[in-house]
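Summary of structural features
Listed below are the residues making up each chain.
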Amino acid sequence: IVYGLQRLLPSLPLAALLVVGLVSVSRAMHLEGVADTADGFLSSRTRERILEIMKDSRTGAMGVIAVVLVVVLKVSLLATVTYSMLWRIVLLTPLAGRCALVTMMVMLPYARSGGGLATVFAPSLRGRARRRLTIAWAVVLPPAVGWLLAGWTGCVGGAVALAFCLLFVAVCRRRIGGYTGDTLGAVCELAELGPALVAVTWA
């Protein structure tokens with residue numbers, strides 16, 4: 001897709017279409033998580049109230065602002081990535097996001113007492129050996145694939161995505177004591193910023 005569109009469009013509309021494509025893959029589910037997480041975490045409320053706000057289907061001002069900022073950042077970064085590097089970064093971006101999602105599930109318990117959609121994969125993570133193997137894959141894969149795709153730029157991009165993930169994991173542990181489906185979506189979107197951010201800075 002990148003190869004074809006690069007020959008038809010300038011960088012800005014190309015980047016916008018690529019972000020539309022990346023969002024469409026998950027049907028905007030992860031962006032919805034960004035909105036709900038921002039509404040809850042930026043409300044300065046208690047843990048119980050934060051979880052209630054995040055469960056509310058309505059989106060507040062903080063959620064709208066957070067989604068707009070994430071989309072603007074993605075478009076602006078992809079529009080600035082060099083021509084030859086773009087397809088590599090677009091390939092690495094969703095991989096980094098999904099590995100961050102898995103990392104959060106392994107490192108944190110589910111925050112709500114009842115089950116939810118986010119716990120559907122929990123049975124596959126039972127057992128210490130299984131959890132260690134899973135997080136090893138999730139941590140190693142983005143830098144390794146990044147190295148194969150784009151050398152040091154890709155390797156550091158994958159590592160920065162992991163760093164963003166670990167920082168957000170610490171925030172979730174402190175604020176709500178675990179993860180929810182919304183925080184999984186948020187950490188995915190946050191980690192996806194890493195490879196493009198490094199590619200632009202490296203250039």
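Look up: the structure comes first, before these words.
Residues numbered from 1 in each chain as written. Predicted model: local features only at pLDDT ≥ 70, side-chain atom pairs only at ≥ 80, totals over all residues. Heavy atoms only, no water.

Turning to the nonpolar core, a few remarks are in order. General note: in soluble globular proteins, nonpolar side chains tend to be found buried as a group. With 52 residues, the main nonpolar core has Leu78, Leu86 and Met104 as its most contacted residues. Of all elements in the fold, only helix 1 (2-5), helix 2 (11-25), helix 3 (29-41), helix 4 (47-55), helix 5 (61-80), helix 6 (86-107), helix 7 (128-176) and helix 8 (181-202) reach the threshold of two or more residues within this core. For this core, the element with the most residues is helix 6, which contributes 10 residues. Sequence-distant contacts of leucine 86, defined by excluding residues within four places in its chain, comprise Val2, Gln6, Leu14, Leu18, Leu78 and Val81. (Core = buried A, V, L, I, M, F, W, Y, C linked by side-chain atoms within 4.5 Å. Buried < 20%, exposed > 50% of the residue type's maximum accessible area, 1.4 Å probe, protein only. Helix = DSSP H or I, 4+ residues; strand = E, 2+ residues; numbered from the N terminus. Contact = heavy atoms within 4.5 Å.)

The phi dihedral of arginine 27 is positive, around 55°, even though this residue is not glycine. The topology assignment puts arginine 27 in the loop between helix 2 and helix 3. On the basis of relative accessibility, which here comes to 78%, the residue arginine 27 falls in the exposed class.

Take helix 7 next. With 49 residues, helix 7 extends just 23 Å between its outermost C-alpha atoms, more than 12% less than the 72 Å of an ideal straight helix rising 1.5 Å per residue. Within helix 7, the axis deviates most sharply at alanine 150, by approximately 155°. One or two residues past the end of helix 7 sits glycine 177, with phi positive at roughly 75°. (Expected span 1.5 Å × (residues − 1). Bend = angle between axes of the 7 residues up to and from the residue.)

Since the α-helix advances by 3.6 residues per turn, residues separated by three or four positions end up pointing in the same direction. Between the first and last C-alpha of helix 8 there are 33 Å, a value that for 22 residues agrees with the 32 Å anticipated at 1.5 Å per step. Summarising burial for helix 8: 16 of the 22 residues are buried, a large majority. Near the N-terminus of helix 8, the side chain that reaches the backbone nitrogen of aspartate 182, with its oxygen 3.2 Å away, is that of threonine 180. (Polar contact = N/O pair within 3.5 Å; in protein donor to acceptor, adjacent residues only side chain to side chain.)

Counted according to the given criterion, the structure contains three aromatic pairs. Geometrically, the ring pair formed by tyrosine 110 and tyrosine 179 is edge-to-face, given 5.5 Å between the ring centres and 70° between the ring planes. Of this pair, tyrosine 110 sits in the loop between helix 6 and helix 7 while tyrosine 179 sits in the loop between helix 7 and helix 8; the two residues are 69 residues apart in sequence, bridging distant segments of the chain. Its relative accessible area of 4% is what places tyrosine 179 among the buried residues. Above the ring of tyrosine 3, the side-chain terminus of arginine 7 is found at 3.7 Å from the ring centroid. When the ring centre of phenylalanine 41 is taken as origin, the NZ or CZ atom of arginine 175, which lies over that ring, is 5.6 Å away. (Phe/Tyr/Trp six-rings, centres within 6.5 Å; stacked < 30°, edge-to-face > 60°. Lys NZ or Arg CZ within 6 Å of the ring centre and 35° of its normal.)

All chains considered together, the criterion is met by six salt bridges. Residue lysine 74 pairs with glutamate 189 through a salt bridge whose shortest N-O separation is 2.6 Å. Linking lysine 74 in helix 5 with glutamate 189 in helix 8, this pair joins segments that are 115 residues apart in sequence. We classify lysine 74 as buried; its relative accessible area is 7%. Glutamate 189 gets classed as buried once you look at its relative accessible area, which sits at 4%. A salt bridge links lysine 74 to glutamate 192; the shortest N-O distance between them is 2.4 Å. Of this pair, lysine 74 sits in helix 5 while glutamate 192 sits in helix 8; the two residues are 118 residues apart in sequence, bridging distant segments of the chain. Assigned by exposure class, lysine 74 and glutamate 192 land together as buried. (Salt bridge = Lys/Arg side-chain N within 4 Å of Asp/Glu carboxyl O.)

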